[in-house]
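Read off the chains here:
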Amino acid sequence: MFGDMMNMMGKLKETQQKVEDTKKRLDTVLIDESSNDNKLKITLTANRTIKSIDIDDELLEDKEQLEDYLILTLNKAIEKATKVNEAELAAVAKEGMPNIPGMDLFK
């Protein structure tokens with residue numbers, strides 16, 4: 001029983017390290033998103049850090065329109081990045097979780 005507990009603790013530590021490694025790797029995974037007309041392009045990491053914003057000169061003439069474009073496109077990009085982030089971290093966590101009856105957290 002004690003050996004099982006030590007094995008489980010080791011597996012949890014290993015999983016923690018894999019999660020941290022995955023978080024670091026997600027800093028290198030780039031997500032690109034653009035407005036429907038490609039006047040605004042945004043690139044961010046899967047950890048939701050903005051890397052670049054490319055704005056068409058036409059949008060610079062209308063502050064309100066630019067703000068709307070930024071809000072819509074950033075939200076789409078963040079949503080995509082969040083899905084990638086959550087899927088990657090859930091896969092690592094599920095892989096490393098010990099099989100405890102009734103603890104099916106990542107179904």
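Thresholds, definitions, all that
- Here the residue index of a chain counts from 1 through its sequence in written order.
- Local features in a predicted model are, by the rule used here, given only for residues with pLDDT of at least 70; side-chain atom pairs are given and counted only at 80 or more, and totals for whole chains, interfaces and linings are based on all residues.
- With hydrogens and water stripped out, all remaining heavy atoms of the structure feed into the side-chain values.
- Note on conventions: DSSP H or I runs of at least 4 residues are helices, E runs of at least 2 residues are strands, and numbering of each starts at the N terminus.
- Exposed residues in this analysis have more than 50% of their type's maximum accessible area, buried residues have under 20%, and partly exposed residues fall in between, with area computed by a 1.4 Å probe over protein chains only.
- Only when DSSP finds a minimum of two bridges between them are two strands counted as paired.
- The convention used is that axes are lines fitted to C-alpha atoms, helices contributing only their stretch in contact, and that angles between N-to-C directions extend from 0 to 180 degrees.
- In this description, a nonpolar core means a group of buried Ala, Val, Leu, Ile, Met, Phe, Trp, Tyr and Cys residues linked to one another through side-chain atoms lying within 4.5 Å.
- Contacts are assigned to residue pairs with any non-hydrogen atoms lying within 4.5 Å of each other.
- Like charges within 9 Å and nonpolar side chains (Val, Leu, Ile, Met, Phe, Trp, Tyr) within 5 Å are joined into patches, using only residues over 30% in relative accessible area that form no salt bridge.
- Residue exposure ignores everything except the shown protein chains as possible cover, and the areas themselves are Shrake-Rupley values with a 1.4 Å probe.
- For this document, the term salt bridge refers to a Lys or Arg side-chain nitrogen within 4 Å of an Asp or Glu carboxyl oxygen.
- Neither His nor the chain termini are counted; the positive set is Lys and Arg, and the negative set is Asp and Glu.
- The atoms used to mark charge sites are NZ of Lys, CZ of Arg, CG of Asp and CD of Glu.

## Topic: the overall build of the protein
Stage number 1. Looking only at helices and strands, one finds two helices and three strands in the protein.
Stage number 2. Of the regular secondary structure in the protein, the N- to C-terminal order runs α-β-β-β-α.
Stage number 3. Within the span of the protein, comprising 107 residues, buried residues form 25% of the whole.

## Considering the sheet that holds strand 2 (residues 40–45)
Stage number 1. Strands sit in the order 1-2-3 across an open sheet of three strands; the sheet is antiparallel. Across the chains shown, the open sheet's two edge strands, defined by having one partner strand only, are strand 1 (30–34) and strand 3 (50–55). Averaged over all neighbouring strand pairs, the angle between strand axes comes to 10°, with direction disregarded.
Stage number 2. Direction of pairing for strand 1 relative to strand 2: antiparallel, over a ladder of five bridges. Looking at strand 2, one finds that glutamate 33 is bridged to isoleucine 42.

## Looking at the nonpolar core
Stage number 1. Within the largest apolar cluster, ten residues are counted, these being Ile31, Leu40, Ile42, Leu44, Leu59, Leu66, Tyr69, Leu74, Ala77 and Ala81.
Stage number 2. Among the elements of the structure, strand 2 and helix 2 (63–96) are those that each provide at least two residues to this core.
Stage number 3. In terms of residue count, the dominant contributor to this core is helix 2 (five residues).
Stage number 4. Setting aside residues no more than four positions away along its own chain, leucine 59 makes contact with Lys39, Leu40, Gln65, Leu66 and Tyr69.
Stage number 5. The next biggest cluster of nonpolar side chains, apart from the first, holds five residues, and it includes Val19, Leu26, Leu89 and Val92.

## A closer look at the environment of leucine 59
Stage number 1. Along the chain, leucine 59 falls in the loop between strand 3 and helix 2.
Stage number 2. Once the C-alpha coordinates of leucine 59 and leucine 40 are considered, the two residues, 19 residues apart in sequence, prove to be 8.3 Å apart.

## Describing a negative patch on the surface
Stage number 1. Side chains of Asp54, Asp56, Asp57, Glu61, Asp62, Glu64 and Asp68 sit close together on the surface and give a patch of like negative charge.
Stage number 2. Residue classification places glutamate 64 among the exposed positions, given a relative accessible area of 60%.

## Regarding the pairing of strand 2
Stage number 1. Counted residue by residue, strand 2 has five buried out of six residues, so it is predominantly covered.
Stage number 2. In this structure, strand 2 lies alongside strand 3, joined through five bridges in antiparallel fashion. The residue of strand 3 that forms the bridge with lysine 41 is aspartate 54.

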